[in-house]
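Each chain, letter by letter, is given below.
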Amino acid sequence: MRRKIFISIMLVLVLALTACGSKDTAGGQDDDEMGELVPSITILSSLPEDNMVNYEMVKEVVEELKKIGVDAKAEPTDFAVLIDIIYGDDSDYDAYTIGWSGRVERLDPDMFIHSINHSANADAGGNNTEKYRNPEFDAIADAQRQEMDMDKRQELVFEAQKILAEDVPRITLYSRANVQAYNKEKFKTVENIPGEGLFNEWTPMIIEPTTDDKILRVASDVNLDTLNPMKAKSVYEWKNFRLIYDKLVRLDPSIEPKPWAATGWEIVDDTTIDVTLREGMKFHDGKPVTVEDVKYTFDAFIENNVEYFMSFLEPIDNVEILDDNTVRFNLKNPYAPFITTTLTQIPILPKHIWEEIEDPLNYENSQPIGSGPFVFENFRPGEELVAKANKDYFEEVKIDGYIYRIFGAPEGILTALEVGDIDLASEDLIPAHIEQIKANEDDKYSHLELTEVNDIGFFYLGMNGDRQPFNNKDFRIATAHLVDYDLALDVHLNGYGARGGGGLVINDANEFWHNPEVPIYDTYDPDRAKEILEEAGFTWDSDGRLRMPKE
Amino acid sequence: MLKYIARRIGIMLLMIVLISTMIFFLFRAIPGDPTAYVVDPSMPQEARELMLERYGLNDSKWKQYTIFIKDLMKLDFGDSFFYGRPVGQIIAERVPATLILMLSAMAVAYLIGVFGGAWMAWRRGTRMESVGITFALIFRSAPTFWVGLMAILVFATKFRWFPPQGMRTAGYTGETFKEVFLTLDFLKHLILPTIVSGLYFIATPLLTMRNSMLEVLSEDYIEMAHAKGLRENTILYRHAARNALLPVVTAGALFIGSAIGGQVLLEVVFSWPGLGREIVQAVTRHDYPLAQGAFIIISAIMMFMNLVADILYGILDPRISYE
């Protein structure tokens, strides 16, 4: 009804204009013969204090949309509110910006291919908040998840990325770089791993002290919430747990799975995996690590519904003990990421301690006992976690221990790096601090070495595919031409990061899984955007407003 | 007197219940999903559901409220969403660090403020007085985080007199309060934040004392003291200052009440592991139980210190009685 009134008002207006002698209706076509007006778009962006780049980029995109005749506006939104909206039951949004952080388990392509794009996750609450639905894509996404052969799986993942680049369910704006620093006068040999940074699980193993001070001081500006592995909900706790506990498999610095607490595994068939436990390992209290402990751990994580690992444990049907050092995992269905994400994440807990605990999920675990390369010493909330090297470990550790210091703000970390109170920053440095270290005024930072690696995570513009105009693929492709990817990288990120592009989910920091042929649409070209819209049947009315293609 | 105190305490308890109710509903009125920061969005939908269930956030607001009030009567603030431990325990862990810093800052501010304020009133109109007022007002108006950063820049990184960050040197040992807090290392870390925060607080006692002194100095008994030929310092500190102290005492008592909340910006700048940072984080992360607990405790202490101030009045000034 409202639209009718609107159209009739428009009609009167146009007639009035024509009567006045100004005959400039676009292409000689009358407005009422055109398609519907492109509805107005609200883009929920970030608050400037949370993410300045998203905030600025959305403002740019909104200006561009206005220039092509779309009524658009930016609405900076608090993170918790945004999550509430995009995962809410009403799915009431046009578009938004958010990011997926690059965590080690996301080096496996399953998350960025399947979880966020498969139509099974497109309902309210699921991770496909772009409501992208493409049966052809779904089939490939399912197939890669079940393909246990790495090379074949890679082909499928490449194919899936190509479809995403053509369909543009979301537009990746940029990726950040993990730029971190350490004290090169006290330590040498470090690894900076994509999605992990310097304080990954390898650096503490390989780093070598060059002075008599053999304690590595690591800085973070995030407090640790708990010492219970079943309760930990952030990557910061895991950065410590995985040094205190062992996992069956680790991802090596080139992201290949490497046997760790296991000496190897055998894929018996698509749903059966036998893992051989390393012999002679001991928990920090002296008790041996056995297959009983492995079985107990997986059972306990599944039984207690540990949220953090839910999606990785879900495919496990049961765990069997075959003999003194072999454990068999029976899967419900083939699950390709099993070795790279499930086995690389679950820590082996000592059964003799945990089976005594009535409610493991709420156990304080104030003195964690693991079997890992570092032995827990103490933890002072908001201050520090101290661990010393495990001298009985099967791999040599060259430092005597490490201290994880917790700071209040990035400025504090920089100051502590400067005066030598800490040796390594585990969080990404902010661009201003990177510049400061590079400028090295008065030789203040000469003892620091900057390391840089691109992040596998990305920040993007998500579009609600259930709504006009984003249900129109050509409109999404046109929008991808309205984003100035170079502005984001060169100006807003000072060059520390990587360019985005339409439908780009796995970037080239993830070498093995990135399809070099994508993205397809990654140039800022508003004229091309207009051409695409015109070719797709979009028209502009006499007021210069964009109208949908006529049905 | 006892009757008066009993009545006041009764009113206080009522107020606490009222405030708790307000806090409870205010937090729930904040938009945003409380699981947003706890459950990573990449986790399956069931994980979020489970979390809501575990926290009891699926229950009706009324049911949540009755449970909350019932627990509150037992002084149980519930378990923090994030730490999964009792709120009381978390607050107790963080309070010593905050209180030590705040009380040291208060000691510095009130010592200098009370004597300085009295002295300034005595020298009214001189150049020293205006210098003193300007000095206090500059530190009152300058953002504390900026003063803190500058102090770190100059005294910690340039001259290296003090450690720039934290409460103690990395990797220290010690378990008991004495081993942890009564050490030279701790003292060294304490000095810089104490001075910065003391400078910020100094304006209140200094100016209150000065103004109150000016009033007292115009009283007849001061003239009388002069006439008797008493020494200046005796008149200033024994006769005038004692009577001018009253408003400073109120301000001081209320200060202790608010001290428990700490000074968030300073805690961030100095990486001081205090309660202030914890409260701000609890609010932004929608950790309702922890935030509620902290605010209720702060308001309770504020009210209690208010009562203490009123009682102190009676003791300091015999003219005031609460019959």
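Numbers given for residues are sequential positions, taken from 1 along each chain in its written order. Labels are handed out in written order, letters beginning with A for the chains and numbers beginning with 1 for the ligands. Reporting of local features is limited, given that this is a predicted model, to residues whose pLDDT is at least 70; pairs of side-chain atoms are given and counted only at 80 or more, and all residues count toward the totals for whole chains, interfaces and linings.

**Details of the packing of helix α1 (residues 2-29) of chain B against helix α15 (residues 288-316) of chain B**
Residues and elements named next belong to chain B.
No. 1: Here the axes come from fitting lines to C-alpha atoms, over the contacting stretch only for helices, and the angles between their N-to-C directions go from 0 to 180 degrees. Numbering goes from the N terminus for both helices and strands, where a helix is a DSSP run of H or I of at least four residues and a strand is a run of E of at least two. In contact at an axis separation of 10 Å, α1 and α15 are set at 155° when each is read in the N-to-C sense. Classified by the angle between their axes, α1 and α15 sit roughly antiparallel to one another. Between α1 and α15 the crossing geometry is right-handed. Contact residues: R8, M12, M15, I16, I19, S20, I23, F24 and F27 in α1; Y288, A291, Q292, F295, I296, S299, A300, M303 and L307 in α15. Put simply, angles under 35 degrees are roughly parallel, angles over 145 are roughly antiparallel, angles from 65 to 115 are roughly perpendicular, and the rest are oblique. A clockwise turn of the near helix away from the far one marks a right-handed crossing, whereas an anticlockwise turn of less than a right angle marks a left-handed crossing. By the criterion used throughout, residues are in contact when their C-beta atoms, derived from the backbone, lie within 7 Å.

**Some points on the sheet that holds strand β10 (residues 262-269) of chain A**
Residue and element names in this part refer to chain A.
No. 1: For two strands to be treated as a pair, DSSP must find no fewer than two bridges joining them. If you trace the four strands from one edge of the open sheet to the other, you get β10-β11-β13-β12, paired in antiparallel fashion. Where the open sheet ends on each side, the last strands, each with one partner, are β10 and β12 (316-323). Each adjacent strand pair in this sheet contributes to an overall mean axis angle of 20°, direction not counted.
No. 2: Packing against the sheet, helix α9 (residues 291-303) makes contact with β11 (272-277), β12 and β13 (326-331), and its axis sits at approximately 170° to β12.

**Concerning the environment of V108(B)**
Residues and elements named next belong to chain B.
No. 1: Positionally, V108 belongs in helix α4 (residues 87-122).
No. 2: Each residue is classified by how many other C-beta atoms fall within 10 Å of its C-beta atom, where C-beta atoms are placed from the backbone; a count of 20 or more means buried, 12 or fewer means exposed, and values in between mean partly exposed. Here V108 falls in the partly exposed class, since 17 other C-beta atoms lie within 10 Å of it.
No. 3: A sequence separation of 87 residues divides V108 from I195, and the C-alpha atoms of the two residues are 7.5 Å apart.
No. 4: Those residues in contact with V108 that sit more than four places away from it in its chain are T194, I195 and G198.

**Considerations on the packing of α4(B) against helix α12 (residues 246-259) of chain B**
Residues and elements named next belong to chain B.
No. 1: Relative orientation of the contacting elements α4 and α12 amounts to 165°, with a least axis distance of 10 Å. Relative to α12, the element α4 is oriented roughly antiparallel. Handedness of the crossing formed by α4 with α12: right-handed. Residue-level inspection shows L99, M102, L103, M106, Y110 and V114 of α4 in contact with α12, the latter providing V248, G252, F255 and A259.
No. 2: Lys, Arg, Asp and Glu make up the charged group, whereas Ala, Val, Leu, Ile, Met, Phe, Trp, Tyr, Cys and Pro make up the nonpolar group; the residues left over, Gly among them, are polar. A class-by-class count of the residues in the contact of α4 with α12 yields nine nonpolar, one polar and no charged.

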